[in-house]
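Fold and geometry: a report
Chain by chain, the residues run as shown.
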Amino acid sequence: MEINFIENPEYISIFSNDGSVKDILFRLSAVFGNVLIPNETIIFIDEVQEYRDMVTKIKFLVDDGTFKYVLSGSLLGVEISSLRSAPVGYMKILYMYPLRIREFYRAVGMTEELLENVRSCFETRTPVDSFIHTKLMDAFYLYLMVGGMPQAVDTYLQTNDMAKVSEIHHDISELYKLDFTKYEAENKLKLKDIYDSIPGELNDQNKRFFLNKLGTGTSISRMENSFIWLKDAGVALAIYNVTSPTSPLKISEKRNLFKLFLLDVGLLTSMYPNSVKLSIFNRDKT
């Protein structure tokens, strides 16, 4: 059974009102009735970031043992770090990422047998069959435009319409920015400015993230909390320069030389003009 704290914010009061676990279970039964079967039902609570203390309260519900629970939400890397009490030992954390290229290959119909054959060719340094190679490259360039966000991939598979996929990318980015506004003013962060600057900062001639587009008086030290926030939120990946490519890399890591990448290549491509997408479609390497 699913409870979504954004679509149905009134359900937050089931858990937020004072009372014991028994009271919470009574409220759940009052709302959902026979849908809940003790020892069988899994309660899936989505958008849990709208009520952060849910992550703390889950400890007592797990102890009760009547139901099993799955919590899901966005920006939890930021939200969980500020919890008053984390339910250590009561919760297993799984990080969800966009589809990798291999997962995307499977989504568009390539079999596991085919992909294992490609892996074997790589390991034995054997050329891949030319027909298979062409199909793989077609799917790779498609991946650069669709990316791995589940809703974008599903939309492409259902409609084969890149315009609709672009709408999904746009909506995701706008929702990210709405989330940013909750934190920017209170914490004096420049999340939207940095997020919007990422595509232009990936020029291969740039060796670091430049701050000149973020206004005067900015510096790496002043922007550090914004960079950390975007990384912890799972919105961006920070890749640091190293002076010597030997293990362990952290020894030679230069914290002031880095680039930010968006977590998903489809979201990144959607932030460029349509001419870039056309170049990818035509495999224009220039």
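Placed above this text is the structure.
It should be emphasised that the depicted structure is a prediction, and the values quoted were computed from it without experimental measurement.

1. Side note on the overall build of the protein chain
- Helix and strand counts for the protein chain come out as 13 helices and 5 strands.
- Relative to its full complement of 286 residues, the protein chain shows a buried share of 36%.
- Here the analysis covers contacts within the protein chain between residues at least 6 apart in sequence; of these, 62% occur between residues at least 24 apart.
- Total accessible area computed for the protein chain in this model is approximately 17600 Å², and 54% of it derives from carbon and sulfur atoms.

2. Some details on the sheet that holds strand β1 (residues 2–4)
- If you walk across this open sheet you meet the 3 strands as β1-β2-β3, and the pairing is parallel. Either end of the sheet is taken by a strand with one partner, and the two such strands are β1 and β3 (68–71). Mean inter-strand twist for the sheet, computed between neighbouring axes without regard to direction, equals 20°.
- Alignment of strand β2 (residues 42–46) against β3, held across 4 bridges, turns out to be parallel. Looking across to β3, one finds that I42 is bridged to K68.

3. Here's the deal with the nonpolar core
- Counting residues in each nonpolar core, the largest one holds 34 residues, and the members touching the most others are Y176, F180, W229, L230 and V235.
- Those elements that provide at least two residues to this core are α7 (130–146), α8 (150–159), α9 (162–187), α10 (191–197), α11 (220–232), β5 (253–262) and α12 (265–270).
- Apart from residues no more than four positions distant in its own chain, Y176 is found in contact with M149, Y195, V235 and L267.
- I24, L25, L36 and V48 belong to the second largest nonpolar core, which has 22 residues in total.

4. Topic: unusual backbone geometry
- Looking along the chain, the bond that leaves S247 and enters P248 is cis, with omega of -5°.
- Within the element layout of this structure, P248 appears in the loop between β4 (236–242) and β5.
- A positive phi is found at E47, a non-glycine position, where the angle reads about 55°.
- Inspection of the secondary structure puts E47 in the loop between β2 and α3 (54–64).

5. Topic: helix α2 (residues 21–32)
- Over its 12 residues, α2 extends 16 Å from the first C-alpha to the last, a length consistent with the 16 Å expected when each residue adds 1.5 Å.
- Taken together, the buried positions of α2 are V21, I24, L25, R27, L28 and F32. Seen from one end, α2 has its buried residues packed into an arc of 160°, which puts them on one side. The outward face of α2, more than 90 degrees from its buried face, is lined by the exposed residues K22, F26 and A30.
- Considering only its buried residues, α2 is in contact with β1, α1 (12–16), β2, α3 and β3.

6. A short note on the packing of α7 against helix α13 (residues 274–281)
- The interhelical angle for the contact between α7 and α13, taken along N-to-C directions, is 165°, at an axis separation of 9 Å. The orientation of α7 relative to α13 falls into the category roughly antiparallel. At the point where α7 passes α13, the crossing takes the right-handed sense. Judged by residue contacts, Y141, L144 and M145 of α7 engage K277, I280 and F281 from α13.
- Taken together, the residues of the contact of α7 with α13 sort by class into 5 nonpolar, no polar and 1 charged.

7. Let's talk about the pattern of salt bridges
- In the structure shown here, the tally under the stated rule is 10 salt bridges.
- Across the pair K177 and E174 runs a salt bridge whose closest N-O atoms are separated by 3.8 Å. On the criterion of helical spacing, the pair formed by K177 and E174 is a turn pair, its members being 3 residues apart in helix α9.
- A salt bridge links D193 to K190; the nearest nitrogen and oxygen atoms lie 3.8 Å apart.
- We classify D193 as partly exposed; its relative accessible area is 37%.
- Using a relative accessible area of 23% as the deciding quantity, one classes K190 as partly exposed.
- Overlapping salt bridges, with partners in common, bring together R102, R106, E112, E116 and R119 in one network.

8. Quick notes on α8
- Along α8, the residues classified as buried are A152, V153, T155 and Y156. One side of α8 holds all its buried residues, which, seen down the axis, span an arc of 160°. Across from the buried face of α8, at angles greater than 90 degrees, the exposed residues are P150 and Q158.

9. What about the side chain of H169?
- Following the sequence through the fold, H169 ends up in helix α9.
- Under the relative-accessibility criterion, H169 is labelled buried at 1%.
- When sequence neighbours within four positions are dropped, the list of residues in contact with H169 reads M145, V146, A152, D264, G266, L267 and S270.

Definitions and cut-offs
- Residues numbered from 1 in each chain as written.
- Predicted model: local features only at pLDDT ≥ 70, side-chain atom pairs only at ≥ 80, totals over all residues.
- Heavy atoms only, no water.
- Helix = DSSP H or I, 4+ residues; strand = E, 2+ residues; numbered from the N terminus.
- Buried < 20%, exposed > 50% of the residue type's maximum accessible area, 1.4 Å probe, protein only.
- Contact = heavy atoms within 4.5 Å.
- Areas by Shrake-Rupley, 256 points an atom, 1.4 Å probe, with all protein chains shown as cover.
- Pairing = 2+ DSSP bridges.
- Axes fitted to C-alpha atoms, helices over the stretch in contact; angles between N-to-C directions.
- Core = buried A, V, L, I, M, F, W, Y, C linked by side-chain atoms within 4.5 Å.
- Expected span 1.5 Å × (residues − 1).
- Arc of directions from axis to C-beta.
- Parallel < 35°, antiparallel > 145°, perpendicular 65-115°, else oblique.
- Left-handed = near helix turned anticlockwise from the far one by under 90°.
- Nonpolar A, V, L, I, M, F, W, Y, C, P; charged D, E, K, R; others polar.
- Salt bridge = Lys/Arg side-chain N within 4 Å of Asp/Glu carboxyl O.

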